[in-house]
Amino acid sequence: MATLPKFLSSRLILGYLAWWIVLTIIQAYAITDAFHFTWEVALLDSGCIIFLAAISGQIMHNTVRYYQPSIKRSFHMIIWGIALAVLCVVGHRFIMTNYLIPDDSAYLTYLAGSYIFRGVFTWIMISMMGTISWVWFYFQDQRARESYEQDVAKLAREAELTTLRQQLQPHFLFNSLNSISALAGTRPEEARKMIQQLSDFLRGTIKRDNQQLVTLEEELRHLQLYLDIEKVRFGHRMKTEIEKDEASLTMVLPSLLLQPIVENAIKFGLYDTTGEITIRVTARAVENNLKVTVENPFDAETTQPRQGVGFGLAGIQRRLYLLYARNHLLTTRQLENQIFITEVTIPQT
Amino acid sequence: MIRTILIDDEPLARSITREYLQGYPDIEIVQECNDGFEGVKAISQHKPDLIFLDIQMPKINGFEMLELIDTPPAVIFTTAFDEYAMKAFEAHAIDYLLKPFSKDRFDKAMQKWKQQKQSASEPVKILSEEIRQPEERNRIVVKEGSNIRIIPVHEIQYIEAYDDYVKIFTLKEMFLKKKTMGFYEQSLNADQFVRVHRSYIIQLSQLTRIEPLEKDTHIALLKTGAKIPLSKTGYAKLKTVLGL
């Protein structure tokens, strides 16, 4: 709940007090005028009931602060208002007869004759307070929600930019362009083909929405473009294998999720060993989940035992958490100190 | 004949340099290497005048490879790193070519090299620690005879100064490397390694006890039983790091 600025809140309290005082005076005037009581009696009578009504109004205000019923449930508030009004009337009678004006028979007659009127009046006052409070808190909530939504939108935009930046690693781009430059001299047909592949890959990366879910089939097609480019660069020592079962192909996953994972595996595999490597991607449908594993070789002797999932994967883990509000959707493990396995689990709804 | 070696893990990247070198009939490519290991061997075998060196390569990167060579030849880096990163050691390499580079840019680098060849060439030095690759904080590359060993830093007990070299003590072995104590004090992670003496850097996780030796002097006991003298400032530094 947003707090009010100090000056506003103290002005509000002053205005609130003034409103009750004015009300007390008007009511006292009405009583002297209609029933010819002294000003003293009239002020005591009206001051007492208005004071009780003010307290009840405050109670109502605080009730609404923590419980804002829908229109359908508004009878809760009406009943609560009636209960408070009854309490006010009973309390008023008790205070007046016992403490303030115990033995004025004319006043007692007046008191006995005005229960209904007093009750209805108090109830209207309390309900008014309740309604004003309800509107007040409603708008405050609205404002809080708006700023929350703005924050969420901002975060989403930033995330999108980050993924873009991750996808379009300048290193990858420049090395690919360098390969094209090399091919252009001796094998122009292959150079042209690689330009095509790189363009398709970039287009696929740029136009896709970060939040969008795509089928595994579509995601694998995008991944294949990436792998084809990497094979031009590293085909002499890198093999790739993609296995998938039939049921997994129609399952969905956040778009552009697999490529950074595979990129991480390739980097890890290529730069941690000098021999030939195989990058294996396996997709399976397991109950109501899509499970994709990416395997790459590594050298246990020279690689530090890794804490957590490593920097390259932390962003993907975060993204999965934001999308599915679940931890452990991305896990890593090592097989016989030779193979590093990254596994993602995508719940299907 | 001028002898050169191309070191790059991408065959296509080497082919472009090879193609550009066709315009230099006085230069002979004596070998092409896929990684730093092959590079170290080829350089000690052929003693080339000039090498073309990539930075990001398997196992050890281009900088680490140069560290393993006692008298490195002239170097032209060929890399996809950005200009900013490469500026840091521009002064000491002949030139750096940012991939993809044109024939014109290549020719300019060669011209630079020919000019510098006239004057006495200086070995490549890496000027700034900033451009060191993150993996270099986690490992130290050493030469052991003709073998290259990669030591993960978590296996290091302590490092001891030894003339122009340092002795790197792992749990089981000792390696020599031509580096300064100051270099390792800077490049190793300060949460993990503390320079406790002019001649010693220890790994904190190896420390078991600190004992007084004489009045005002202390020694550190490591898990392996090694005893390391602490200087006054080293003792104070150790106490702050350990939060005593």
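Residues numbered from 1 in each chain as written. Chains lettered and ligands numbered in written order. Predicted model: local features only at pLDDT ≥ 70, side-chain atom pairs only at ≥ 80, totals over all residues.

Asks: Go over the overall build of chain B, please, and point to the residues and values.
Replies: A tally of regular secondary structure across chain B gives 7 helices and 15 strands. Here chain B, with 244 residues, has 35% of them falling under the buried criterion. Summarising the internal contacts of chain B: among those between residues at least 6 apart in sequence, 53% fall at separations of at least 24. (Helix = DSSP H or I, 4+ residues; strand = E, 2+ residues; numbered from the N terminus. Buried ≥ 20, exposed ≤ 12 C-beta atoms within 10 Å, placed from the backbone. Contact = placed C-beta atoms within 7 Å.)

Asks: Lay out the overall build of chain A in plain terms, naming residues and giving numbers.
Replies: Within chain A, the regular secondary structure consists of 10 helices and 7 strands. Per-residue burial over chain A gives 29% buried out of 349 residues.

Asks: So what's going on with the sheet that holds strand β6 (residues 330-335) of chain A? Residues and values would help.
Replies: Residue and element names in this part refer to chain A. Read across the open sheet, the 5 strands follow the order β2-β4-β5-β7-β6; overall the sheet is mixed. In the strand order of this sheet, the two ends are held by β2 (238-244) and β6, each with one partner. The mean angle between the axes of side-by-side strands here comes to 15°, regardless of whether they run parallel or antiparallel. Sheet topology places strand β5 (residues 289-297) next to strand β7 (residues 339-347); 9 bridges connect them, and they run antiparallel. Considered in β7, the bridge of L290 is made with I346. Strands in contact with helix α8 (residues 216-234) are β2, β4 (277-286) and β5; relative to β2, the strand with the most contacts, it is inclined by about 170°. (Pairing = 2+ DSSP bridges. Axes fitted to C-alpha atoms, helices over the stretch in contact; angles between N-to-C directions.)

Asks: Now, about unusual backbone geometry: what can you tell me, with residues and values included?
Replies: B:K99 connects to B:P100 through a cis peptide bond whose omega is -10°. With respect to the secondary-structure elements, B:P100 resides in the loop between β5 (95-98) and α5 (103-118).

Asks: Which residues make up the nonpolar core, and what values do they have?
Replies: With 91 residues, the main nonpolar core has A:V262, B:V75 and B:I202 as its most contacted residues. In this structure B:I202 touches B:Y158, B:V194, B:V196, B:L207, B:A220, B:L222 and B:I228, once residues within four positions along its chain are discounted. Counting 19 residues, the second-largest nonpolar core is a separate cluster that includes A:A54, A:W80, A:V89 and A:M125. (Core = buried A, V, L, I, M, F, W, Y, C linked by C-beta atoms within 7 Å.)

Asks: Now, about the packing of helix α6 (residues 170-186) of chain A against α8(A): what can you tell me, with residues and values included?
Replies: All names here are of chain A. It is at 10 Å that the axes of α6 and α8 come closest, and there the two elements cross at 60°. One way to sum up the angle between α6 and α8 is to call them oblique. In the crossing of α6 with α8, the sense of the turn from one axis to the other is left-handed. Residue-level inspection shows N175, S176 and S179 of α6 in contact with α8, the latter providing I229, V232 and R233. Partitioned by chemical class, the residues of the contact of α6 with α8 number 2 nonpolar, 3 polar and 1 charged. (Parallel < 35°, antiparallel > 145°, perpendicular 65-115°, else oblique. Left-handed = near helix turned anticlockwise from the far one by under 90°. Nonpolar A, V, L, I, M, F, W, Y, C, P; charged D, E, K, R; others polar.)

Asks: Tell me about helix α3 (residues 74-100) of chain A, residues and numbers included.
Replies: Taking 1.5 Å as the rise per residue, α3(A) with 27 residues should run 39 Å; its terminal C-alpha atoms sit 37 Å apart, in good agreement. Within α3(A) the residues assigned to the buried category are A:M77, A:W80, A:G81, A:L84, A:A85, A:C88, A:V89, A:H92 and A:M96. (Expected span 1.5 Å × (residues − 1).)

Asks: So what's going on with the pairing of strand β6 (residues 139-144) of chain B? Which residues, and what values?
Replies: Residues and elements named next belong to chain B. Relative to strand β7 (residues 147-152), β6 runs antiparallel, the two being bridged by 6 bridges. Note on β7: the bridge partner recorded for I140 is I151. Counting the residues between successive antiparallel strands, the hairpin from β6 to β7 contains 2 residues, one of them, G145, with a positive phi of roughly 65°.

Asks: Give a description of the interface of chain A and chain B that names residues and reports values.
Replies: Taken residue by residue, the interface counts 20 residues in chain A and 20 residues in chain B. Contributing elements (two or more residues each) for the side of chain A that touches chain B: α6, α8 and α9 (258-272) of chain A. The dominant element in the side of chain A that touches chain B, judged by the number of residues it contributes, is α6(A), at 11 residues. Across the side of chain A that touches chain B, the residue classes break down as 8 nonpolar, 11 polar and 1 charged.

Asks: So what's going on with the packing of helix α2 (residues 39-66) of chain A against α3(A)? Residues and values would help.
Replies: Residues and elements named next belong to chain A. Contact geometry for α2 and α3: axes closest at 9 Å, N-to-C directions at 150°. Judged by the inter-axis angle, α2 sits roughly antiparallel to α3. In the crossing of α2 with α3, the sense of the turn from one axis to the other is right-handed. Across the interface between the two elements, L44, D45, C48, I49, L52, A53, S56, I59, M60 and T63 of α2 pack against W80, G81, L84, C88, G91, H92, I95, M96 and L100 of α3.

Asks: Can you explain the sheet that holds strand β14 (residues 217-222) of chain B? Please cite residues and give values.
Replies: Residue and element names in this part refer to chain B. Ordered in space as β13-β14-β15, the 3 strands form an open sheet in which the pairing is antiparallel. The strands lining the two open edges of the sheet, one partner per strand, are β13 (207-214) and β15 (227-230). In this sheet, adjacent strand axes meet at a mean angle of 30° when their direction is disregarded. Where β14 and β15 come together, 4 bridges link them in antiparallel fashion. Each residue of the ladder has a partner; that of I219, found in β15, is P229.

Asks: Talk me through the environment of B:L21; I want residue IDs and the actual numbers.
Replies: Residues and elements named next belong to chain B. In this structure, L21 sits in helix α1 (residues 11-21). Given 17 C-beta atoms within 10 Å, L21 falls into the partly exposed group. With 85 residues separating them along the chain, L21 and F106 place their C-alpha atoms 9.0 Å apart. Leave out the neighbours within four places in its chain, and L21 touches I27 and I29.

Asks: Residues and numbers for the environment of A:A30, please.
Replies: Mapped onto the fold, A:A30 is located in helix α1 (residues 6-35). C-alpha separation for the pair A:A30 and A:A42, spaced 12 residues apart in sequence, amounts to 8.6 Å.

Asks: Talk me through the pairing of strand β1 (residues 2-7) of chain B; I want residue IDs and the actual numbers.
Replies: On any regular strand, side chains alternate: one points to one face of the sheet, the next to the other face. All names here are of chain B. Both β1 and strand β2 (residues 27-33) contribute to a ladder of 6 bridges, which runs parallel. Bridged to I5 within β2 is Q31. As a crossover connection, the stretch from β1 through α1 into β2 is right-handed. Pairing geometry for β1 and strand β3 (residues 50-53), over 4 bridges, is parallel. (Right-handed = clockwise from strand over helix to strand, strands pointing away.)

Asks: So what's going on with the environment of B:D8? Residues and values would help.
Replies: Inspection of the secondary structure assignment puts B:D8 in the loop between β1 and α1. In this structure, B:D8 is in contact with B:A13, B:R14, B:D54 and B:T78, ignoring residues within four places of it in sequence.

Worth remembering: the numbers are spatial, not functional.
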